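So the chains spell out like this:
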Amino acid sequence: KAGVTQTPRYLIKTRGQQVTLSCSPISGHRSVSWYQQTPGQGLQFLFEYFSETQRNKGNFPGRFSGRQFSNSRSEMNVSTLELGDSALYLCASSVGRQRDTQYFGPGTRLTVL
Amino acid sequence: ELKVEQNPLFLSMQEGKNYTIYCNYSTTSDRLYWYRQDPGKSLESLFVLLSNGAVKQEGRLMASLDTKARLSTLHITAAVHDLSATYFCAGGYNTDKLIFGTGTRLQVFP
């Protein structure tokens with residue numbers, strides 16, 4: 001069974017631009033969560049999607065948004081990029097909302113110049 | 001809001017020794033997760049603990065949960081170099097967002 005995939009793996013953008021990251025969950029998984037990891041703030045929850053609906057959102061500004069498609073694939077978008085958005089963005093999938101076990105993708109490393 | 005604290009933040013231990021990583025959380029959490037992260041890599045799920053007194057073991061790692069004390073521990077038995085990594089605990093209540101601890105960076109030396 002294929003694991004969680006994330007594209008792109010690496011991304012370099014400049015301040016003010018916007019970016020879209022993609023996550024394909026494990027087949028049969030309906031829940032997708034996104035996390036941001038930085039050296040300063042550690043691991044922080046961004047969103048959780050289940051059956052195309054956002055179920056939870058972390059404490060991030062409105063520049064961070066996401067969505068989930070009917071095939072459970074998810075995208076997150078960051079608009080008006082700031083230097084502080086440079087981070088490793090991780091996506092995790094699980095079968096259902098109970099999140100008994102989350103399976104993480106390899107991450108997208110975003111650098112904002 | 002739930003807060004999760006891990007200690008120690010750094011742990012340097014000799015091969016063959018035992019040690020414990022502690023994870024304290026501030027309010028009700030009905031599940032506790034442990035993850036491993038190798039340098040430059042993503043997270044790998046280790047354990048999910050769902051009830052008071054839960055104990056799970058995999059190889060040299062054993063995790064336990066005491067919901068009354070709001071404490072989970074990750075015990076390392078007879079450490080080997082391959083266990084060198086950063087270990088995170090994370091908690092959440094019901095279907096609320098997951099809150100991570102700061103991580104414990106473990107280095108095992110000969």
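Numbers given to residues run from 1 along each chain, matching the order in which its sequence is written. Think of it this way: whatever chain is written first is A, whatever ligand is written first is 1, and the rest follow in order. Residues qualify for local features only when their pLDDT is at least 70, as the model is predicted, and side-chain atom pairs are given and counted only at 80 or more; totals for whole chains, interfaces and linings, by contrast, use all residues. No hydrogens and no water enter the side-chain calculation; it runs on all heavy atoms of the structure.

Things to note about the interface of chain B and chain A
- In this complex, chain B contributes 18 residues to the contact, which on the side of chain A involves 20 residues.
- What makes a salt bridge here is a side-chain nitrogen of Lys or Arg within 4 Å of a carboxyl oxygen of Asp or Glu, nothing more. Linking chain B with chain A are zero salt bridges.
- Here a polar contact means two N or O atoms within 3.5 Å. Within protein one must be a hydrogen donor candidate and the other an acceptor candidate, and residues neighboring in sequence count only if both atoms are side-chain atoms. For the pair chain B and chain A, the interface holds four residue pairs in polar contact (both at pLDDT 80 or more).
- Helix and strand assignments follow DSSP, with helices taken as H or I runs no shorter than four residues and strands as E runs no shorter than two, numbered in order from the N terminus. Elements with a minimum of two residues in the side of chain B that touches chain A: β4 (31-37) and β5 (43-49) of chain B.
- Considering every element that reaches the side of chain B that touches chain A, the biggest residue donor is β4(B), with four residues.
- Polarity classes work like this: nonpolar for Ala, Val, Leu, Ile, Met, Phe, Trp, Tyr, Cys and Pro, charged for Asp, Glu, Lys and Arg, and polar for all others, with Gly in that last group. Broken down by class, the residue content of the side of chain B that touches chain A amounts to eight nonpolar, five polar and five charged. Two residues qualify as a contact provided that any one of their heavy atoms is within 4.5 Å of a heavy atom in the partner residue.

Points about the packing of aromatic side chains
- Two rings belonging to Phe, Tyr or Trp (six-membered ring only in the last case) form a pair when the distance between their centres is within 6.5 Å. Interplanar angles under 30 degrees mark stacking, angles over 60 mark edge-to-face geometry, and anything in between is tilted. Taken as a whole and judged by the stated rule, the model has eight aromatic pairs over all chains.
- Here the aromatic rings of Tyr35(A) and Phe45(A) are separated by 5.9 Å at their centres, their planes lie at 70°, and the arrangement is edge-to-face. Pair noted here: Tyr35(A) is in strand β4 (residues 31-38) and Phe45(A) is in strand β5 (residues 42-50), with a separation of ten residues, a long-range link.
- For the ring pair Tyr33(B) and Tyr35(B), a centre distance of 6.0 Å and an interplane angle of 10° mean the geometry is stacked. There is no split in this pair, since Tyr33(B) and Tyr35(B) are both buried.
- Among the aromatic residues, those joined into a ring-pair cluster are Tyr35(A), Phe45(A), Phe104(A), Tyr33(B), Tyr35(B) and Phe100(B). Each residue's exposure class comes from its accessible area (1.4 Å probe, protein chains only) as a fraction of the maximum for that residue type: buried when under 20%, exposed when over 50%, partly exposed otherwise.

Some details on the pattern of salt bridges
Residue and element names in this part refer to chain A.
- Scanning all chains against the criterion turns up six salt bridges over all chains.
- Note that Arg63 and Glu82 form a salt bridge whose closest N and O atoms lie 3.6 Å from each other. Taken together, the residues span a long stretch of sequence, with Arg63 in the loop between β6 (53-57) and β7 (64-68) and Glu82 in the loop between β8 (74-78) and β9 (87-94) at a distance of 19 residues.
- Residue classification places Arg63 among the buried positions, given a relative accessible area of 15%.
- Its relative accessible area of 42% is what places Glu82 among the partly exposed residues.
- Here Arg67 and Glu75 are joined by a salt bridge, their closest N and O atoms 3.4 Å apart.

Concerning the sheet that holds β8(A)
All names here are of chain A.
- One bridge is not enough; two strands pair if DSSP finds at least two bridges between them. Taking strand neighbours across the sheet as the criterion, the four strands line up as β1-β3-β8-β7 in an open arrangement whose pairing is antiparallel. On the outer flanks of this sheet lie β1 (5-7) and β7, each paired with one strand and no other. Averaged over all pairs of adjacent strands, the angle between their axes in this sheet comes to 15°, without regard to strand direction.
- Looking at chain direction, β1 and strand β3 (residues 19-24) are connected through three bridges and run antiparallel. Looking at β3, one finds that Thr5 is bridged to Ser24. Simply put, an axis is a line fit to the C-alpha atoms, just over the touching stretch for a helix, and the angle between two N-to-C directions goes from 0 to 180 degrees.

Looking at the state of the cysteines
All names here are of chain A.
- Disulfides are defined in this document as cysteine sulfur pairs within 2.5 Å. Scanning the entire structure with this criterion turns up two disulfides over all chains.
- Covalently, Cys23 is tied to Cys91 through a disulfide, its sulfur atoms 1.7 Å apart. Here Cys23, found in strand β3, pairs with Cys91, found in strand β9; they are 68 residues apart in sequence, far enough to count as distant.
- Assessed through its relative accessible area of 0%, Cys23 is described here as buried.

As for the sheet that holds strand β1 (residues 4-7) of chain B
Residue and element names in this part refer to chain B.
- Read from one edge of the open sheet, five strands run β1-β3-β8-β7-β6, paired in antiparallel fashion. At either margin of the open sheet sits one strand with a lone partner, and together these are β1 and β6 (55-58). Pairwise comparison of adjacent strand axes, ignoring direction, gives a mean angle of 15° for this sheet.
- Relative to strand β8 (residues 71-76), strand β7 (residues 61-66) is paired through six bridges, and the arrangement is antiparallel. Within the sheet, the bridge partner assigned to Asp66 lies in β8 and is Leu71.

Here we look at the environment of Val55(B)
All names here are of chain B.
- On the secondary structure map, Val55 appears in strand β6.
- The spatial distance from the C-alpha of Val55 to the C-alpha of Gly92 is 18 Å, given a sequence separation of 37 residues.
- Excluding anything up to four places from it in sequence, Val55 contacts Met62, Ala63 and Ser64.

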